[in-house]
Structure formats: structure tokens, C-alpha cells
Amino acid sequence: MINGMSESTRYEPKTIEPRWQKYWQDLGLYRFQETSNKPVYSIDTPPPTVSGRLHIGHVFSYTHTEITSRYHRMTGHNVYYPFGYDDNGLPTEILTERETGVKAYQADRQKFREMCLETGKKYAELFSSLWQKLGFSCDFGAAYSTISRESQKISQWSFIDLFHKGFLERRNEPALWCTNCVTSFAQAEIDDVNKAGKYLHLPFNVPGMEPIVIATTRPELLAACACLFVHPDDKRFLAYHGKKAKVPFYDHEVPVLLDSKAQMDKGTGAVMCCTFGDTTDIAWWRQHKLPLREAISKIGKMTEITGPLAGLRVEAAKKEMEKVLTEKGLVLKTVDIPAETRVVNTHERCGTPVEFLVQPQWFVQVVKHKEKLIEMGRKIKWHPEFMRHRYENWVENLSWDWAISRQRSFGVPIPAWYTEDGEVYVPETTDLPVDPTLHKPKRSSKSGAPWIGDADVLDTWATSSVTPLLNARHGAENERPNFLPMSMRPQAHDIIRTWAFYTIAKSYFHFGEVPWKEIVVSGHVKKPGQQVEAAQMAGQEFAKKTKISKSKDGDTYAPEKMMERHPSDAIRLWSAAASIGLDVPFDENGMNDASKFLNKFWNASRFALMNLESFVPKFLNEKFESRNANDLQVLGRLKKIVKAYHENFQSYELHKAKIELDKFFWDVCDDYIELVKYRCLKEYTNSEDKSDAQNSLYRVIFGLLQLYAPYAPHITEEIYQMYFKQFEKAESIHLIDLPKTAELSTAENSAMEAWMNGGGKLSLAAVRRIKKDNAISYRTPLKVLTLVGKGPIKNENLKLFTADLAGFAFAEMVELKSAIAAGAQPQTGNKIFRLETDDLDIQVEVSEEAMVKKLN
RNA sequence: GGGCAGUUAGCUCAGCUGGUAGAGCAUCGCCCUUACAAGGCGGGGGUCAAAGGUUCGAUCCCUUUACUGCCCACCA
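Described below are features of the structure shown in this document. Quick caveat, the model's predicted, so the values are computed rather than measured.

## Let's talk about the protein's contact with RNA strand B
- Taken together, 52 residues lie near RNA strand B, and V271, V343, N345, R497 and R779 sit nearest.
- The protein-proximal atoms of RNA strand B, defined as those within 4 Å of the protein, are 60% sugar or phosphate.
- Between RNA strand B and the protein, one listed contact pairs a base nitrogen with a side-chain N or O atom of N345 at 2.5 Å.
- N397 places a polar side-chain atom, nitrogen or oxygen, 2.8 Å from a sugar or linking oxygen of RNA strand B.
- Those elements that place two or more of their residues in the surface near RNA strand B are β9 (212–216), β15 (343–347), α9 (387–396), β27 (544–547), α17 (588–610), α19 (654–680) and α23 (760–773).
- Along the lines of polarity and charge, the residues of the surface near RNA strand B split into 18 nonpolar, 12 polar and 22 charged.

## With respect to the packing of aromatic side chains
- In the structure shown here, the tally under the stated rule is 56 aromatic pairs.
- With centroids separated by 5.2 Å and ring planes inclined at 85 degrees, the aromatic side chains of W20 and Y23 adopt a geometry described as edge-to-face. With W20 and Y23 both in helix α1 (residues 13–27) and 3 residues apart, this pair spans about one turn of that helix.
- On the basis of relative accessibility, which here comes to 7%, the residue W20 falls in the buried class.
- The structure contains a cluster of three or more aromatic residues connected by ring pairs, namely Y71, F597, F601, Y645, F649, F665, W666, Y708 and Y711.
- Sitting over the face of the ring of W24, R70 holds its NZ or CZ atom 5.0 Å from the ring centroid.

## Some thoughts on the pairing of strand β12 (residues 253–258)
- Alignment of strand β10 (residues 225–230) against β12, held across 3 bridges, turns out to be parallel. Bridging across to β12, V230 finds its partner in L258.
- Here strand β11 (residues 244–246) runs beside β12; their pairing, made up of 3 bridges, is antiparallel. Among the inter-strand pairings, K246 is bridged to a residue of β12, identified as E253.

## Some details on the sheet that holds strand β22 (residues 452–453)
- With respect to topology, 3 strands assemble into an open sheet ordered β21-β20-β22, the strand pairing being antiparallel. Both edges of this open sheet fall to β21 (424–425) and β22, since each of them pairs with a single strand only.
- Both strand β20 (residues 417–418) and β21 contribute to a ladder of 2 bridges, which runs antiparallel. Bridge pairing in β21 places W417 opposite Y425.

## Quick word on the nonpolar core
- Membership of the largest hydrophobic core comes to 66 residues, with the highest contact counts inside it found for F601, Y645, L697, L704, Y711, Y723 and F724.
- Broken down by secondary-structure element, the contributors of at least two residues to this core are α1, α2 (56–73), α16 (568–576), α17, α18 (629–650), α19, α20 (687–708) and α21 (713–728).
- One finds Y144, L398, I414 and A472 within the second-largest nonpolar core, a separate group that totals 59 residues.

## Brief notes about a negative patch on the surface
- Together, D191, D192, E348 and D494 make up a negatively charged patch on the protein surface.
- Among the secondary structure elements, D191 is positioned in strand β7 (residues 190–194).

## Let's talk about the sheet that holds strand β24 (residues 486–492)
- The 3 strands are arranged β17-β25-β24 in an open sheet whose pairing can be described as parallel. What marks the edges here is a single partner per strand, and that holds for β17 (381–383) and β24. This sheet shows a mean twist of 20 degrees between the axes of neighbouring strands, independent of strand direction.
- Sheet topology places β24 next to strand β25 (residues 516–522); 6 bridges connect them, and they run parallel. Paired with P490 across the strands is V520, a residue of β25.

## Things to note about the packing of α17 against α21
- The contact between α17 and α21 brings their axes to 11 Å, and the two run at 10 degrees. The angle between α17 and α21 falls in the class roughly parallel. Mapping the contact onto sequence places L598, F601, W602, S605 and L609 in α17 and I715, T716, E718, I719, M722, Y723 and F724 in α21.
- The class makeup of the residues in the contact of α17 with α21 is 9 nonpolar, 2 polar and 1 charged.

## Points about unusual backbone geometry
- Cis geometry marks the peptide bond from T275 to F276, where omega comes out at 0 degrees.
- Within the fold, F276 resides in the loop between β13 (271–274) and α6 (279–287).
- That bond from L432 to P433 is cis: its omega, 0 degrees, falls within 30 degrees of zero.
- Counting through the fold element by element, P433 comes out in the loop between β21 and β22.
- Phi at S614 takes a positive value of approximately 50 degrees, unusual for a residue other than glycine.
- Secondary-structure assignment places S614 in the loop between α17 and α18.
- Positive phi, close to 65 degrees, is recorded for Y652, a residue that is not glycine.
- Its location among the elements puts Y652 in the loop between α18 and α19.
- What makes Y652 buried here is its relative accessible area of 4%.

## What about the pattern of salt bridges?
- Across all of its chains, the model carries 50 salt bridges by this definition.
- Residue E34 is joined to R473 by a salt bridge in which the shortest nitrogen-to-oxygen separation is 3.8 Å. Placement of the pair is E34 in the loop between α1 and β1 (40–42) and R473 in the loop between α11 (467–471) and β24, with a sequence separation of 439 residues.
- Take E34: its relative accessible area is 43%, and that puts it in the partly exposed class.
- With a closest N to O distance of 2.9 Å, K658 and D662 form a salt bridge. Note that K658 and D662 are positioned in helix α19 at a spacing of 4 residues, about one turn of the helix.
- According to the relative accessible area criterion, D662 is buried, its value standing at 15%.
- One network of salt bridges, with partners in common, ties together E169, R171, E173, R286 and D401.

Here is what the cut-offs are and how they apply
- Residues numbered from 1 in each chain as written.
- Chains lettered and ligands numbered in written order.
- Predicted model: local features only at pLDDT ≥ 70, side-chain atom pairs only at ≥ 80, totals over all residues.
- Heavy atoms only, no water.
- Near = heavy atom within 4 Å.
- Polar contact = N/O pair within 3.5 Å; in protein donor to acceptor, adjacent residues only side chain to side chain.
- Helix = DSSP H or I, 4+ residues; strand = E, 2+ residues; numbered from the N terminus.
- Nonpolar A, V, L, I, M, F, W, Y, C, P; charged D, E, K, R; others polar.
- Phe/Tyr/Trp six-rings, centres within 6.5 Å; stacked < 30°, edge-to-face > 60°.
- Buried < 20%, exposed > 50% of the residue type's maximum accessible area, 1.4 Å probe, protein only.
- Lys NZ or Arg CZ within 6 Å of the ring centre and 35° of its normal.
- Pairing = 2+ DSSP bridges.
- Core = buried A, V, L, I, M, F, W, Y, C linked by side-chain atoms within 4.5 Å.
- Patch = residues over 30% accessible without salt bridge, like charges linked within 9 Å, V, L, I, M, F, W, Y side chains within 5 Å.
- Areas by Shrake-Rupley, 256 points an atom, 1.4 Å probe, with all protein chains shown as cover.
- Salt bridge = Lys/Arg side-chain N within 4 Å of Asp/Glu carboxyl O.
- Lys, Arg positive; Asp, Glu negative; His and termini not counted.
- Charge placed at Lys NZ, Arg CZ, Asp CG, Glu CD.
- Axes fitted to C-alpha atoms, helices over the stretch in contact; angles between N-to-C directions.
- Parallel < 35°, antiparallel > 145°, perpendicular 65-115°, else oblique.
- Contact = heavy atoms within 4.5 Å.

Below is the structure:
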């Protein structure tokens, strides 16, 4: 019995995993070493948004980073792997509103902020506890929150720096507006939703002529109609150029103007321009200097100018207007637009259709820096490489500057004051953080007019886009020098247009530099679903991948539930099995498989260690080379695996590293351990041979342990602690550097060749086969085992493995011959069995007595 | 409409720089064998979406097509 090893054949993670988690915490194993002179590998961890609970998709992608961090820690790096949470801004406000039933705009500002802080705290604890249960090696002591004082300081510093550098301006112009959240928002926060709609064809009367007919989906905006547009080349409307038309129902006169953006083939060819129905309206409004007629208020109610619609919400107003117009006979025609062909922009946080409102807003000028931003993107190494296209695609299509003010209460305050006559005051960076709703500027305004503090807060992305600065403690006394650019940013592909883009933009504006050297983009976990008539008609079932929805799928994909059923190591291994950047369907079988693997790993290690009882290893740095070909081939193969492992981890392809490792592991179980165990037996007296066997076995098992350690930290630690620690000394397997890539020796190379292609592996299979085919029990001893190498299989190669093979086959004697004599007769009382193949002939002689014995 | 991926065994997916295909699950057969029956051993199952091209040779490279998914644009 090895130190404290249990009798159970089943691996019991329930008690083992928490034990080591606590051990690691107590040892402070994963703390970043501020003064170490090891090279730093820094990770710009995504702080999960405090907008609800985490689902299995988060676990999936965060696990990739976690495994990567362990890899780097085990290859001589001082790893900076912080834990953070994004708890400022709109998402947290919405969550707080949902949980408390209190709407932000109805509540006292300070009081609501405190409620949000509470929410943030609660979820931060949930997140942190989940990560710890998964065995994450974050430096939990270095946790940050984006509403923290430090984060506020840096976010405001960023604002001020952009302001002074001229990348930031305050403009009073239409911005994307959410009437539900009562705030402006950015282009990146638009979500497309397919929604059915309806064109109404409405007549605009023109004195002395036929009415000009337009098609609109937004009759509720008629009151805001500023003009009509027709295409200059559209012959149908030539007579109307420059005429005035009367808006139906409201009867105010609007001009008929020309613009080539009016599409002749759309609707009726004539279009009404309202302030504002869509982005084209905004362009027209600017270009043609149209009057502003606001029909929708901040909170989504119709304004006074809409007459009978005033006070109604947009949807209700649309219906009411259609009713009114229909009653008056003003609807000439209606055309339904199916959902498939109509796309509505909505606010991604709440699904409310976008409106446009003119309000003073701060904008970061991104549109005019597209080229530079693309250039920055190209300086960063993307994994997988094709994800860079998404970034470029997004930047190329940018049409709005980044609106960063939010008319909300919980967030980092915009550090600015204004006077009525247009003076702007931005504080000194030494005075941060400030809250203009509470504090006053240090000086009075030039005109003596009173300062008005900005009551808005920053977009949550405006704060989370400075996480590299936060990690570097930029501007603080204990600033981390040479910390930027960071080594790596991990994140999922859905936030390339937001988090990745904004972080790159800010880094460029502040320093003209990239924020990190590499970015690793992970995929999503999709839920498996059914699909399509065609497949069903063919009697097939299709797995269609669809997004996991927090609201609809409830607890099905809750990691906490998953962790009741599967060990953390199994969930980690399942996550690591996916190709980098690809979406994967959720498949709980994959976790079951991983659990089975853990059990196998447990048993294999346990068995190996039994064979190492009372053994003292020659240490790894000591020159050791076995004389046994089987040992040599397996150690040679281990070296090959190590090399591929490092290469794959360098390119973040941990799934590839794992595939090769798994294959090796199963081969070790199936072949190597089966063969080596006979040389480890107590009764085995050749001490040189035995020493070779045990030293090799030690190395193979320990090597496997190390290579699996980043993926499955708990089970590897358990096995390490139970046996290897006595020799390796380190407090944890996670403190030992992974084996380095090493050259294969000539002996190893030729042993591998002899094993793989020279007949070694084949002879093992042949023994299994002949026993099985002839119903000879596995344990039945053989009198004689005869092998004949044919074709490429040479007897001299087979000879290398005969000693081990004899043990495996329970053979008293193994002989190699050039041919098996036809009609060879067994000795009395024995039987002969023969199997011939193209590469190898095998013959065994067994005593009948032994066979019968076995049958009973 | 633009872009990016994918299409390989019943299912989920690997397949490195081109040399007539692999794993797990499922299925079938055998086996309590002194690590493991949530196991072991063995078998069946694929014209690698289609068509052309380059090549001595293509799942892999090039072109075209079809389908699937994602990102973006369009939103009167």
C-alpha cells in the first residue's frame, strides 16, 4: 500500500477536489510575484459582466484561459492572472432593477447606486466561488471591480487624456437612444431582430395635383415629418420638384426635395423624412438642414406635437395612428412585410427598438481613425487567425463615433462641468476620482457663470476597455513597470466589436500602441436542438446549434448543476476538447467521457504505483537510459509528445495537445503497462532489468501527470501528493516545471521504430488474437510461443520485445523462427494453435491440462 | 449584398508541411484477466458535400457550385 492510497477502485473527486483547492489557496500558489525576475506572462482576464448568473458557456471559455495560465506557470513564467468582474454601468443597473423591482429613474440616485453595489458584491462572490470550485488558478487576491475607486480613477484619467488629445468631443446631435433604459448607447450595442411590419401607403396632398403617395412603416412619426424625398431621376415625380405637400392628418406643409438616396424601386419611390425614423433621416437632416420635430420623448412617449397620440408609447401610437388614418380614408393600401425580410435595430440589453434623440453627448472619434485601428489589429497576433477578419470587418463598417455618455446613475461619472455659455471644465488627473454631481471644480468659470456638473456616467465599455491599464496600475504609486502591452487577451468572439475593439482603440489613442501581443478568441457553447423538415423526412436527426438563452433555458446549463454531476476536472477536460475559436454543441456525454477518463487515469496510476513499491528512482536530471526496448520506445514517444505539447500550447491549441496526450495515455495503458508489469513483480529477480522497468515506469507516469496537470489539476495533484512528492519534494505538482523538449536518443528512435513498424506492437496483438480466437484464457500459460517475422517484420526486431512478451503471454519459452514447419506435432498432452498473417506468423503450444483447468 | 468559417463512420468531432482515412459515443461479438465491468480485447460501418484543375499521387493545394452556421451591411 502506497502512502494513504485507498482501496477503492473508483476515483472520488467529491472530497479530493475541494481539499486541493484549499491547499493551493493556503499556499498562495497562484499569487503574482511582483518582484520575481522570471519573465511575466500577463492575462487580460475578461471581467464577467454582472448581468446575471454565469452559464456553461462562460465556464467553457474561461477554462481555456485557465489551462493556458497553468501551462505558462509551469514553463517558467511569472503569471499574472487576475480575477475581475464588471459591475459598473447599465447591465448591473438592469439586473438590480430586475431583482429589486425598482426602476433607476424613479429611485434616489445615491440610494440606487448603493443597491447596485450590493448586487455587484453578491454576484462577485458567486463568480469567485464558481471559479474556485473549478480549480481556477486566478490570483483571487488581485481581484478587481470596474466600479472600484482605482477603476474610476483610471477610467476618468482615460477620459481626460482623450479629451486633451482631441479624440473626444461633446456634440449636440442625434444619438442612438433606448427609450426603455432611458439612455443613449453605441453602435456596438445594436442587436438586429427580425420583426414583421407593415407598409402604409399614405397620400400627401399637393394643391392642384394628384396627391404624392409614400410608403411608411412608421405612421406614428407623421407629426415629425420634415419633408419628402424623391430621386432626381425619377420621372414619375418630375412635376413635384420644389412643390409643397401636406402631411396627412396633421396638415402641416413640407417640401418635396431631391436626393439620390431616395430609392426609386422601394415602396412608392417617394419617401418621407422624419426626425428621426432611421439613420438615413439623420443624414438627410444634416445635409438638407431640415427642422427638428421631435415626436418621441426620452422615455418613449409621444410628444405634444403628435396631437391625439401624445402620451402614448410608440407601439400603441403606431396602432392608433393607423386606426385614425384608416377611419379618415387616408390609408390607400397596406402591405405586410414578413419578419424574414424586415430587420429592426434594437438595444441589445433589453430588445427595445432603437430611437434617435438629440442630446448633448460625448463621442470618441473612432470613425476618422479606422485605418490606424485596423493597423493596430494587424500588429496583434490573433488566435485563431481568421478572427481578425471580424475585427476588420467591424472597423471598416463603422459609421458612428463611439457615444460614451449614458444618462444613467450607476457607473463612473463623466468628469466634466459646463457653463451655460459653453465653457467646459475637465479636472486635473491628480484630483480623481471625481463626481461632478457632488464635487465642484477648483476654479470659477471665465464668465463667472455657475458650473453645471455632468450628471451622466460612462458607457460600461468605456471603463472595461481600460482593463490593461487597471492591471498595470497605470498612474498609481505602485504602477507595474513594463507591463504593457500585456501578453494575452482571452475573450469570446461575440465581443470582438465591443471589448476587443474598444480596448485596442483606447490603447492606440493613449499610447499609440497595442494593448496586448496576442488575442485568443474562444467560441460559444450552443444548445443542441432539432432541425429541419428535410432531415426529419429522411428519418435523420440533426443537431442544430442554437444560442443558450439565460431566460429560456433556466437551470439546464447552470454550471452549479453540472458540477453536482461531474468532477471539476471532467468539466475542464470537456472544455479543453474543443478546437480553438469554434462553437461547440453542448454535450453532457462529453463530460461523462471525461469522468471515465479520470477513473482510468486514477486506476492506471494507482496500478503503476503498486509496481513501484519500495522503489527509489534515479532522478530525472540524472542520465538514465533503459536497456529494454519497450522502455525505450515509450520514453521516446513521451519525448515526442512533450515536443508537440509545447508547440500546440504556443499556438493556444490546447485541444490538439490533449488529443496527442490522450492517445499516448491510452497506449501506455493498453500496451506499455501490460508489458512492463512483469518486470516489476516481486518475484522478478533480474535486478538490472527491474530497475530499468521501474525507472521507466516512474518517468512515464510522472510525465503524464505533469502534462495533464494544467488540464486536470486536482487528480494530478492527488496522485502527486500520494507518491511522487516524497522524491520530487515540491509542495505541489503545479510548482514543478513541465519537461522541456528534448532530443531523442538513437536507441529511443530505433526502439520506437521497432515497436511501431518493426513488429513489436504487432506481436502483442498477435498473442491477444491467438488466445482469443482459440478460446485460450488470457491467463493460460503457454509451453512455447513461436513467432515468424515476414516481409518488413524482422525477427531481430521482434527479439527486442520477447522477454516482455513472454511475461505478458505467460509463455515458458519464446522462439523466433524463419518459418513454422507445416504439420508440426505437439508433444503428448499438448495442443498447437497457429495464426498466419502477411506480416507475422504465430504459433502457440499449450498443455491440454492447462486449458481444461482454465475452463473449470 | 459584403465577409468568415464549416460540409469526413448512425452521432459529436480529429486529421501536422498532399502518399488511397482516425478517436470517442452508438452498434455487434468475445472476456470477471492479479489496475480499471462506468472495464478489457476484437469486429462491422466512410466513393472524406458535388464538379473541374494542378500532381506520379489530393480529404488535404487551386477554381466553381450547392448547402449549413456566424459576423457585418440593408431597415422609408
